[in-house]
Amino acid sequence: MRPAAPRAILSQDGRRVAYVYGTRLLLIDAATGQSRSEQLPHQASQLAFSPDARLIAAANHEILSLFRVDDTFTLLGQASLPA
């Protein structure tokens, strides 16, 4: 069985759009249309924004990572997920 294809997500405040494919994260500013690509430390299949769109979580079946999404893309922490 093939895993579900990742899908784009829109932040709750409508300011950002994100799409993940493997270890690449694409972030789009909804107001300007500018985009940037970031390298993740692991593959991800799920994304979630914080309500204010300043944080984004990326997860797969083994690892959950939290990042700050400002002018720089900063890893704030990681956790292993139980099997």
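Calculation notes
- Residues numbered from 1 in each chain as written.
- Predicted model: local features only at pLDDT ≥ 70, side-chain atom pairs only at ≥ 80, totals over all residues.
- Heavy atoms only, no water.
- Pairing = 2+ DSSP bridges.
- Helix = DSSP H or I, 4+ residues; strand = E, 2+ residues; numbered from the N terminus.
- 1 Å grid on protein atoms, 1.4 Å probe; cavity = no way out; pocket = protein on both sides within 12 Å on 5 of 7 lines; lining within 4 Å.
- Points joined across faces, edges and corners; volume = space filled by probe spheres on them.
- Nonpolar A, V, L, I, M, F, W, Y, C, P; charged D, E, K, R; others polar.
- Core = buried A, V, L, I, M, F, W, Y, C linked by side-chain atoms within 4.5 Å.
- Buried < 20%, exposed > 50% of the residue type's maximum accessible area, 1.4 Å probe, protein only.
- Contact = heavy atoms within 4.5 Å.
- Axes fitted to C-alpha atoms, helices over the stretch in contact; angles between N-to-C directions.

Undergrad: Explain the pairing of strand 2 (residues 16-29) here, please?
TA: The side chains of a regular strand alternate between the sheet's two faces. As judged from the 2 bridges shared by strand 1 (residues 9-10) and strand 2, these two strands associate in the antiparallel manner. Considered in strand 2, the bridge of L10 is made with V17. Here strand 1 folds back onto strand 2 in antiparallel fashion, the turn holding 5 residues, of which G14 has a positive phi close to 75°. When strand 2 meets strand 3 (residues 35-44), the two strands line up antiparallel, connected through 6 bridges. Each bridged residue has a counterpart across the sheet, and for G22 the counterpart in strand 3 is A44. The turn linking strand 2 back onto strand 3 is made up of 5 residues, and G33 within it adopts a positive phi angle of 80°.

Undergrad: Looking at this structure, I do not really get the layout of surface pockets. What am I missing?
TA: One way to see where empty space is left: roll a probe the size of a water molecule over the atoms. Counted as a void, the second largest pocket has a volume near 260 Å³. What lines the second largest pocket is a set of 13 residues, among which R16, I28, D29, Q34 and R36 lie closest to the centre. Sorting the residues of the lining of the second largest pocket by element identifies strand 2 and strand 3 as the ones contributing at least two each. Ranked by residue count, the leading element in the lining of the second largest pocket is strand 2, at 4 residues. Residue composition of the lining of the second largest pocket, grouped by class: 4 nonpolar, 3 polar and 6 charged.

Undergrad: Help me understand the nonpolar core, please; the structure alone is not making it clear to me.
TA: Soluble, globular proteins show a tendency: their nonpolar side chains are buried together. With 15 residues, the main nonpolar core has A18, L25, L27, L40, L47, I56 and F73 as its most contacted residues. For this core, the elements supplying multiple residues, two or more each, are strand 2, strand 3, strand 4 (46-49), strand 5 (55-59) and strand 6 (63-69). In terms of residue count, strand 2 provides more of this core than any other element does, 4 residues in total. Apart from the residues within four sequence positions on either side, L47 is in contact with I9, A18, Y19, V20, L25, I56, A57 and A58.

Undergrad: Sorry if this is basic, but what is going on with the sheet that holds strand 4 here?
TA: Spatial strand order, 4-5-6-7: 4 strands in an open sheet with antiparallel pairing. In this open sheet, the two edge strands, each paired with only one partner strand, are strand 4 and strand 7 (73-80). The average angle at which neighbouring strand axes cross in this sheet is 20°, direction not considered. Bridging between strand 5 and strand 6 involves 5 bridges; their strand directions are antiparallel. Its bridge partner being in strand 6, A57 is matched across the sheet by L66.

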